[in-house]
Amino acid sequence: MSKVKKFQCDKVLANQVEESINEYLNENGYRDSVGKGNGFCEWILYNIFELTEDKVIEATEISGKFDNGIDAVFENHGELHILQSKYLTSHSIDSVQRFIADCQRVCTEKPTSDRDAVKELCLKVMNAYNDNEPINCYYITNSEIDEWHDTQINASLMNKRDDFQNLKYEFYDFYNIVENIELKKGLLPKEFRDKKIELRIEENFSTFETYVAKVRTSDFAHFVNEGGNLLFHSNIRNYLNSTQINSGMKKTLKEEPEKFWFFNNGVTIVCDKFNERMGSLELTAPQIVNGCQTAKTIGDFYKYKSKKELAALHSEGHLLVKIIKTQKSTDESKKKQLRDNITRFTNSQNAVRGLDFYALDEFQQMLTGKFEKLGYYYEIQRGSFIALNSVKQNSYKGNKDYEYLISGIKSKKKYVLPAKEVIQSFTAGIKLMPDIAYGRANELTPTGNKWKDIMNDETKGLPLELFLFPYLTLKYIKEELGYKTGASDFKVNSAFLFIATYYLLLTNLVNTILGTQYESADNIDIEIIKDIYKKEALNKKLFIITHGILKMFFQDSIVEDAKRDNLRGFIQNKMKQGKNFWSILERKIELEINELPISSKEVYEELKVIIQFNSKK
């Protein structure tokens with residue numbers, strides 16, 4: 001459904017969002033109308049949906065000639081998403097209505113295109129539709145969707161055929177974009193901090209500043225629908241659409257409501273204060289921190305039913321609601337911390353997906369503070385930097401010793417470190433897992449299969465530079481060496497493999513000079529690595545040497561036969577430690593090190609001085 005504008009847009013933040021969009025377009029050379037449309041779509045995927053760069057590339061492969069009216073197709077939170085973006089004047093009510101029709105068409109008809117990417121992504125949509133899986137259809141513009149447009153959109157959706165009920169539509173305009181960015185602050189909007197909402201309760205007891213109550217599902221639905229989306233402001237799945245879990249809840253509410261109490265874990269609410277009245281509680285600034293899916297399902301179930309349909313329900317369901325009051329003296333940031341902790345400890349993996357848990361992980365929060373002292377903003381939630389005021393944004397200056405690594409970047413976000421990319425780079429270089437970093441980034445989350453291998457007690461004691469340097473290396477090789485989208489050779493998919501190769505080279509050089517047997521860079525004295533990174537000319541030469549190693553590697557006949565026309569699949573599936581192709585890469589590095597005293601004597605001697613000097617400290 002289209003979103004109703006209830007509150008005045010934050011003008012300062014609106015200007016910052018507009019500036020961020022324009023900055024992104026200029027940085028990437030998007031000048032004409034088509035380019036600006038593509039760039040705006042990418043900005044949305046990065047900052048609204050928080051996709052990583054490789055996922056953005058995959059999502060937008062459908063865009064272009066004969067794209068069937070779709071700019072991106074991607075999975076987020078385990079659900080399929082379709083995106084159509086309209087930059088400024090390209091938005092119109094006709095384009096909205098075409099988008100609704102296009103989403104329905106790609107679900108049932110083969111695409112009119114000879115492009116493989118279009119065929120593959122449209123087939124993914126069709127399969128999801130045939131399997132009755134939820135498909136989230138987003139139309140987003142940085143123009144305005146006014147009340148007349150709202151009316152027209154709602155009329156179009158009312159005429160949606162019953163066999164397209166698993167298509168869920170969302171329509172965002174510039175106001176909604178700003179609102180979404182504001183949510184990333186995590187603090188409650190000022191206009192909601194004093195809002196009072198009544199919740200009718202039945203049997204209950206209170207203890208430890210907490211009410212535990214039995215609540216009728218219809219009463220809870222009234223509470224949810226009155227509070228609207230702001231009730232979910234603190235819950236990191238704000239805009240959660242229907243999932244299989246929700247479908248099961250709906251079925252229980254419809255067919256066996258009396259069993260809802262037994263089948264559901266209930267809902268947890270945090271509020272500033274509560275006042276008991278006759279049969280109800282008046283809650284000030286309530287936030288649903290656990291049970292977001294339950295709340296939204298119950299709210300929607302009753303919201304769209306007529307009086308006749310409600311009367312036909314043969315019995316009433318109940319659910320358990322826990323209401324926690326924050327301390328009176330607690331400021332907004334501490335209240336947020338309490339809400340985050342309750343969310344983290346009470347949500348299951350079904351309620352909070354791995355990517356969301358970045359915002360709640362304690363180690364990630366600790367990295368934020370450490371990076372700030374070093375002059376960088378660690379962006380746990382993509383887009384949160386935009387929500388900072390300009391004074392705060394300009395306070396991040398980076399570290400002058402490593403400025404050369406990002407000198408090619410001119411934007412305000414120069415000193416912003418996106419958490420997901422930092423962890424990917426760390427995984428590739430320090431943990432030597434380029435296959436995971438590149439191909440299975442979803443496993444590098446607090447609930448992912450590889451998280452404990454990457455972020456454990458040992459990792460948390462590592463120097464901060466081991467998280468910083470691999471990411472800065474990633475930025476440098478993309479800007480200066482061309483390891484990015486658009487490259488015509490192996491560089492197009494090999495950025496994380498480059499980082500792994502660089503740190504493998506560094507480790508082997510230390511072993512050769514000191515006679516050690518280190519397996520990875522985290523075993524090396526950090527002062528050695530810091531001194532190398534502080535020497536711009538030396539490190540740039542090491543980057544060139546690393547590039548040469550990879551070039552030789554991909555020219556190897558065995559590697560050439562294995563990768564064929566699927567470089568992406570080769571890196572994702574073949575480049576693992578202990579495997580044949582990894583051994584070939586190690587051999588190329590060994591050969592380069594053997595030649596280094598002759599081919600690059602100055603480089604070798606300078607490295608030797610740094611490594612030996614620091615080893616004697």
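Presented here is a report on the structure given in the accompanying data block. (Residues numbered from 1 in each chain as written. Predicted model: local features only at pLDDT ≥ 70, side-chain atom pairs only at ≥ 80, totals over all residues. Heavy atoms only, no water.)

Attention now moves to the overall build of the protein. What the protein contains, in helices and strands, is 27 helices and 14 strands. For the protein, the residues scored as buried account for 56% of the 617 residues in total. Taking the contacts inside the protein whose residues are at least 6 apart along the sequence as the reference set, 73% of them involve residues at least 24 apart. For the protein, the exposed area adds up to about 28400 Å²; of that, 47% sits on carbon and sulfur atoms. (Helix = DSSP H or I, 4+ residues; strand = E, 2+ residues; numbered from the N terminus. Buried < 20%, exposed > 50% of the residue type's maximum accessible area, 1.4 Å probe, protein only. Contact = heavy atoms within 4.5 Å. Areas by Shrake-Rupley, 256 points an atom, 1.4 Å probe, with all protein chains shown as cover.)

Turning our attention to helix H22 (residues 526-534). Every buried residue belonging to H22 is among Ile526, Ile528, Ile529, Lys530, Ile532 and Tyr533, and all of these are buried. Its buried side turned inward, H22 meets helix H20 (465-480), helix H21 (495-514), helix H23 (536-555) and helix H27 (601-615). The N-cap of H22, judged by a side-chain oxygen 2.9 Å from the amide nitrogen of Glu527 a few residues on, is Asp525. (Polar contact = N/O pair within 3.5 Å; in protein donor to acceptor, adjacent residues only side chain to side chain.)

A few words on the side chain of Asn614. Inspection of the secondary structure assignment puts Asn614 in helix H27. Polar side-chain contacts of Asn614 include one of 3.0 Å to the side chain of Asp531. Not counting chain neighbours up to four residues away, the residues in contact with Asn614 comprise Asp525, Glu527, Ile528 and Asp531.

Quick look at the sheet that holds strand S11 (residues 287-290) now. One open sheet accounts for five strands, arranged S6-S7-S12-S8-S11; its pairing is mixed. Both outer strands of the open sheet, strand S6 (204-207) and S11, are each paired with one neighbouring strand and no more. Between one strand and the next, the sheet's axes are offset by a mean angle of 30°, whatever the strand orientation. Looking at chain direction, S6 and strand S7 (residues 210-216) are connected through four bridges and run antiparallel. Along S7, the bridge assignment pairs Asn204 with Ala213. Sitting on the sheet, helix H11 (residues 292-303) is in contact with strand S8 (267-271), S11 and strand S12 (318-325), with an inclination near 125° to S11. (Pairing = 2+ DSSP bridges. Axes fitted to C-alpha atoms, helices over the stretch in contact; angles between N-to-C directions.)

Angle between the axes and distance between the axes are the two parameters that describe a pair of packed helices. Between H22 and H27, the least distance of the axes is 9 Å, while the angle of their chain directions is 150°. On the basis of their axis angle, the class for H22 and H27 is roughly antiparallel. The two elements H22 and H27 meet at a crossing, and its hand is right-handed. Each of Glu527, Ile528, Asp531 and Ile532 in H22 lies in contact with H27, whose residues at this interface are Leu607, Ile610, Ile611 and Asn614. Of the residues assigned to the contact of H22 with H27, the class counts are five nonpolar, one polar and two charged. (Parallel < 35°, antiparallel > 145°, perpendicular 65-115°, else oblique. Left-handed = near helix turned anticlockwise from the far one by under 90°. Nonpolar A, V, L, I, M, F, W, Y, C, P; charged D, E, K, R; others polar.)

When you line up the elements, Glu50 lands in the loop between helix H2 (33-47) and helix H3 (53-59). Looking at Glu50, its side chain comes within polar contact range of the main-chain nitrogen of Arg382, at 3.3 Å.

Moving on, we get to the environment of Tyr404. Following the sequence through the fold, Tyr404 ends up in the loop between helix H15 (390-394) and strand S14 (416-418). When the C-alpha positions of Tyr404 and Lys540 are compared, they lie 9.5 Å apart, and in sequence the two are 136 residues distant.

With that out of the way, let us pick up unusual backbone geometry. Not every positive phi belongs to a glycine, and Leu88 is a case in point at roughly 50°. Examined against the element boundaries, Leu88 turns out to sit in the loop between strand S2 (79-86) and helix H4 (93-108). Residue class for Leu88 comes out partly exposed when judged on its relative accessible area of 37%. Despite not being glycine, Phe208 has its phi angle at roughly 50°, a positive value. If you trace the backbone, Phe208 turns up in the loop between S6 and S7.

In spatial order, the strands read S1-S2-S3-S4; together these four strands make up an open sheet with mixed pairing. With one partner strand each, in any of the chains shown, strand S1 (72-76) and strand S4 (167-172) form the two edges of the open sheet. The average undirected angle you get between the axes of adjacent strands in this sheet is 25°. Note that strand S3 (residues 135-141) and S4 share six bridges and pair parallel. Directly across from Ile140, in S4, lies its bridge partner Tyr172. Each of S1, S2, S3 and S4 is contacted by helix H5 (residues 116-130), which is oriented at about 130° to S2, the strand it contacts most.

With that settled, the discussion passes to a nonpolar patch on the surface. Taken together, the side chains of Trp261, Phe262, Phe263 and Leu320 present a nonpolar region at the surface, about 460 Å² in accessible area. Residue placement: Phe263 occurs in helix H10 (residues 260-263). A relative accessible area of 55% means that Phe263 is categorised as exposed. (Patch = residues over 30% accessible without salt bridge, like charges linked within 9 Å, V, L, I, M, F, W, Y side chains within 5 Å. Salt bridge = Lys/Arg side-chain N within 4 Å of Asp/Glu carboxyl O.)

Moving on to the pairing of strand S10 (residues 280-284). Of all five residues making up S10, five are buried, and the element is well covered by its neighbours. Here S10 shows no split at all, with Ser280, Glu282 and Thr284 on one side and Leu281 and Leu283 on the other all buried. The pairing of strand S5 (residues 196-200) with S10 spans five bridges and is antiparallel. If you follow Glu198 over to S10, its bridge partner there is Glu282. Bridge count for strand S9 (residues 273-277) against S10 is five bridges, and the pairing is antiparallel. Its bridge partner being in S10, Arg277 is matched across the sheet by Ser280.

Along its 13 residues, helix H14 (residues 362-374) runs 19 Å from first to last C-alpha, staying within 8% of the 18 Å computed at 1.5 Å per residue. Within the span of H14, buried status applies to Phe363, Gln364, Leu367, Thr368 and Phe371. For H14, the angular spread of buried residues about the axis comes to 155°, placing them on one side. Among the exposed residues of H14, those oriented more than 90 degrees off its buried face are Glu362 and Lys373. Buried residues along H14 sit against strand S13 (377-379), S14, helix H16 (419-429), helix H18 (451-454), helix H19 (457-460) and H20. Gly375 lies just past H14 and shows a positive phi near 105°. (Expected span 1.5 Å × (residues − 1). Arc of directions from axis to C-beta.)

Our focus in this paragraph is the packing of aromatic side chains. Both the distance between ring centres and the angle between the ring planes are used here to describe each pair of aromatic rings. Applying the stated criterion across every chain, the model contains 33 aromatic pairs. Cation over ring: Lys296 sits above Phe232, and NZ or CZ is 5.2 Å from the ring centre. Lys325 extends its terminal NZ or CZ atom over the ring of Phe274, reaching a point 5.2 Å from the ring centre. (Phe/Tyr/Trp six-rings, centres within 6.5 Å; stacked < 30°, edge-to-face > 60°. Lys NZ or Arg CZ within 6 Å of the ring centre and 35° of its normal.)

The subject of this paragraph is the environment of Glu19. By the element assignment, Glu19 lies in helix H1 (residues 11-27). For Glu19, a relative accessible area of 36% puts it in the partly exposed group.

Another aspect to go through is the pairing of S7. Most of S7 sits out of view: five of its seven residues are buried. The turn joining S6 and S7, which pair antiparallel and follow one another in sequence, is formed by two residues; a positive phi near 50° is taken by Phe208. With seven bridges connecting them, S7 and S12 associate as antiparallel partners. By the bridge assignment for S12, Ala213 is matched with Val321.

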